[in-house]
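Coordinate analysis (summary)
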Amino acid sequence: MSKIHQIANGTLEIFDDGTKLQKTNDGITLLVKPDGTKVQTSPNGSRLTVRPNGTKFQESADGTTLFIDTDGTQTTTHISGVVVILYTDGRKRQTDQFGVITDVAANGNMIRTKLDGTKFEKRGNRCFKHLADGSIIEVDPSNGNVIGVERAASTPEAKAAVDEAKTAKKLKEEELKNVYQTNLSRHRDKQSGAWYEHDK
């Protein structure tokens, strides 16, 4: 059983168990349950549920959902399957529809973890690859070439990375030799402050 009351801009229906259902003339409904749970539904199909413990759950008309926990953590789930979690300390975690996890720290550093256990890490302007064997190699962000090894395991894959890093270092040294010719001497003019090169 219930009783319907006429209120400004709509109606208020009160049920015997204490449930209240308010309907406005513009199509918005507000359901208040005996435990204090509130559910607001809009004409476009979106719905917001607020529970007594302070959590909120929002469902958009396109199927996207947003859950806000009591500590302020926000979890958005898209219809594509992508889940994005925003933490109150500035961290962010995204899990795509394939299960790849991307963690972004508050300072912008990022680690992407693939299904095979390998990872791609970005620390400022430096980039690293974490191999499945535990090795960590530094790569050139512009082309992906190995430029160093931070940690190496005793596996063929790790050895190949070390060899590639040594080769890259040697090539870099050769480039520097070409830029700064060893048969040239340099001196600075005290009056003008300019540097000059001449044959030794």
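Keep in mind it's a predicted model, so treat the numbers as computed, not measured.

**Observations regarding the overall build of the chain**
The secondary structure content of the chain amounts to one helix and 19 strands. Residue burial in the chain is summarised as follows: out of 200 residues, 20% are buried. For the chain, the share of sequence-separated contacts (at least 6 apart) that also reach a separation of at least 24 residues comes to 2%. As presented, the chain carries roughly 13800 Å² of accessible surface, and 52% of it is formed by carbon and sulfur atoms.

**A short note on the pairing of strand 11 (residues 92–95)**
Looking at chain direction, strand 10 (residues 83–86) and strand 11 are connected through four bridges and run antiparallel. Among the inter-strand pairings, Val83 is bridged to a residue of strand 11, identified as Thr95. Counting the residues that bridge the hairpin from strand 10 to strand 11 gives five residues, and of these Gly90 lies at a positive phi of roughly 100°. In terms of strand pairing, strand 11 meets strand 12 (residues 101–104) through four bridges, oriented antiparallel. Considered in strand 12, the bridge of Lys92 is made with Val104. As consecutive antiparallel partners, strand 11 and strand 12 are separated by five residues, and within that stretch Gly99 has a phi angle of approximately 95°, a positive value.

**Focus on the pairing of strand 15 (residues 126–130)**
Bridge count between strand 14 (residues 119–123) and strand 15: five bridges; the pairing is antiparallel. When the bridges of strand 15 are listed, Glu121 appears paired with Phe128. Two successive antiparallel strands, strand 14 and strand 15, enclose a turn made up of two residues, where Gly124 displays a positive phi of approximately 65°. Inspection of the sheet shows strand 15 paired to strand 16 (residues 136–139) by four bridges, in the antiparallel sense. Note on strand 16: the bridge partner recorded for Phe128 is Glu138. Taking the residues between adjacent antiparallel strands as the criterion, strand 15 and strand 16 are bridged by five residues, where Gly134 takes a positive phi near 100°.

**Things to note about the pattern of salt bridges**
What the rule picks out here adds up to six salt bridges. In this structure, Glu59 and Arg47 form a salt bridge, with 3.0 Å as the shortest nitrogen-oxygen distance. Placement of Glu59 in strand 7 (residues 56–59) and of Arg47 in strand 6 (residues 47–50) is noted, with a sequence separation of twelve residues between them. Its relative accessible area of 22% is what places Glu59 among the partly exposed residues.

**So, the packing of aromatic side chains**
Counted by the stated rule, this structure contains zero aromatic pairs. Geometry around Phe128 places Arg123 over its ring, the cationic atom sitting 3.9 Å from the centre.

**A word on the environment of His78**
Among the secondary structure elements, His78 is positioned in the loop between strand 9 (74–77) and strand 10. Exposure remark for His78: the relative accessible area of 33% places this residue in the partly exposed category. Residues within four places of His78 in sequence aside, it is in contact with Thr64 and Val84.

**Quick notes on unusual backbone geometry**
At Asn9, a position not held by glycine, the phi torsion is positive, near 65°. With respect to the element layout, Asn9 can be found in the loop between strand 1 (2–7) and strand 2 (10–15).

The rules behind the values
- Residues numbered from 1 in each chain as written.
- Predicted model: local features only at pLDDT ≥ 70, side-chain atom pairs only at ≥ 80, totals over all residues.
- Heavy atoms only, no water.
- Helix = DSSP H or I, 4+ residues; strand = E, 2+ residues; numbered from the N terminus.
- Buried < 20%, exposed > 50% of the residue type's maximum accessible area, 1.4 Å probe, protein only.
- Contact = heavy atoms within 4.5 Å.
- Areas by Shrake-Rupley, 256 points an atom, 1.4 Å probe, with all protein chains shown as cover.
- Pairing = 2+ DSSP bridges.
- Salt bridge = Lys/Arg side-chain N within 4 Å of Asp/Glu carboxyl O.
- Phe/Tyr/Trp six-rings, centres within 6.5 Å; stacked < 30°, edge-to-face > 60°.
- Lys NZ or Arg CZ within 6 Å of the ring centre and 35° of its normal.

Taken by themselves, the reported measurements are silent on function.
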